[in-house]
Amino acid sequence: MTFLNYLISGISLGSIYAIIALGYTMVYGIAKMLNFAHGDVIMVGAYICFYAVSRYSLPPLVGVILAMLVCTVLGIVVERLAYKPLRSAPSLAVLITAIGVSYFLQNAALLLWSSNPKVFPNAFVINTTDEAGNPVVQSSIDLFGGQLKVSFVTIATIAICIIIMLALLWFTSKTRLGKAMRACSEDKGAAQLMGINVNATISMTFAIGSGLAAIAGVLLCSAYPTLVPTTGSMPGIKAFTAAVFGGIGSIPGALLGGLLLGIIEIFAKAYISTQLSDAIVFAVLIVVLLVKPAGLLGKQIREKV
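The present account deals with the structure reproduced in this document.

Quick notes on the rules
Residues numbered from 1 in each chain as written. Predicted model: local features only at pLDDT ≥ 70, side-chain atom pairs only at ≥ 80, totals over all residues. Heavy atoms only, no water. Buried < 20%, exposed > 50% of the residue type's maximum accessible area, 1.4 Å probe, protein only. Helix = DSSP H or I, 4+ residues; strand = E, 2+ residues; numbered from the N terminus. Pairing = 2+ DSSP bridges. Phe/Tyr/Trp six-rings, centres within 6.5 Å; stacked < 30°, edge-to-face > 60°. Axes fitted to C-alpha atoms, helices over the stretch in contact; angles between N-to-C directions. Parallel < 35°, antiparallel > 145°, perpendicular 65-115°, else oblique. Contact = heavy atoms within 4.5 Å. Nonpolar A, V, L, I, M, F, W, Y, C, P; charged D, E, K, R; others polar. Expected span 1.5 Å × (residues − 1). Bend = angle between axes of the 7 residues up to and from the residue. 1 Å grid on protein atoms, 1.4 Å probe; cavity = no way out; pocket = protein on both sides within 12 Å on 5 of 7 lines; lining within 4 Å. Points joined across faces, edges and corners; volume = space filled by probe spheres on them.

## Here's the deal with the pairing of strand E5 (residues 148–151)
Along E5, the buried face is formed by Leu148 and Val150; none of Lys149 and Ser151, which line the opposite face, is buried. As defined by bridge partners, strand E4 (residues 140–143) adjoins E5 across four bridges and the pair is classed as antiparallel. Looking across to E5, one finds that aspartate 142 is bridged to lysine 149.

Structure (structure tokens):
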């Protein structure tokens, strides 16, 4: 039961990494740039939801929708102001700009919301009553006679991750905008000649990725309820690692990489060392890339010179 508990926790954490990794893999697959500010969009979404629920007493679902709207607009603004002027610039310039945007968002959050840690409210609870009629807040279900406890946050995280993955696969294969994204991913020049608005397609990619980042931020802070301006930094790096692990540019690769990364991290903390868990995660990534440089589900692309 202990092993099963760790496995479920790893899948839950990996599902959060997978949702975050989608933002990296979609932007890289279409725009061929690494948006390292993506982790800080997670933090912004978590803060918006926190204040909507805690200060203004809005329902949690409304807080999540508001966080998605704010992060979607933020993603479009960041793309227009920071990345669009650098479409033809060297990749190093884009990378430096992304790091600059990341620090800008962190310091803006520091000025707006201070560095004091916030305790994020758990939205995934059920208010019930016990046998005596006293109110009880239930946040988990007991399985196997109470030997295994699974929190509602874990169940919701895994279910939401699966729904998002299936929706994105349908979106990219069946809708007009999804097909335009795939065309831009293959060849921007040819897509533009066929009448596709490449700039609008890239902006929509940033918007979708940022909206998903808000969901990931709420799920992350519901499972690990401390919220600070640097909350999204390490999860963002690990989600990028998951995207590379599974094959950056591949939506199923983001899912596989995120799940494997979450499971490896939880098992490393449980059975080896909590202090070495991050090192073990990145060491596994190095080994995988040595064996399969394009990632587990990535494809090698040969360029004729």
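There's more to say after this.
## A word on the packing of aromatic side chains
The final tally for this structure, using the stated rule, is twelve aromatic pairs. Site record: aromatic cluster; members linked through ring pairs are Tyr47, Phe50, Tyr51, Trp113 and Phe120.

## Observations regarding the packing of helix H6 (residues 176–186) against helix H8 (residues 198–223)
Packing of H6 against H8 brings their axes to within 10 Å, and their N-to-C directions diverge by 110 degrees. Judged by the angle between their axes, H6 and H8 are roughly perpendicular. For the pair H6 and H8, contact is made by Leu177, Ala180, Met181 and Cys184 and by Val198, Thr201, Met204, Thr205 and Ile208, respectively. Split by residue class, the contact of H6 with H8 holds seven nonpolar, two polar and no charged.

## What about helix H1 (residues 2–31)?
Residues spaced three or four apart along an α-helix face the same direction, because each turn holds 3.6 residues. For H1, with 30 residues, the first-to-last C-alpha span of 43 Å sits near the 44 Å given by 1.5 Å per residue. The largest bend in H1 is about 30 degrees, located at alanine 21. Lysine 32 occupies a position one or two residues after H1 and carries a positive phi of about 55 degrees.

## Side note on empty space enclosed by the protein
All told, the structure shown has one cavity of 30 Å³ or more when counted by the stated rule. Here the largest cavity defines a volume of roughly 40 Å³. Asn35, Ala37, Val41, Leu74, Gly75, Val78, Leu105, Phe206 and Ser210 together form the lining of the largest cavity. Counting residues per element, the lining of the largest cavity draws most heavily on helix H3 (residues 60–83), at three residues. The class makeup of the residues in the lining of the largest cavity is six nonpolar, three polar and no charged.

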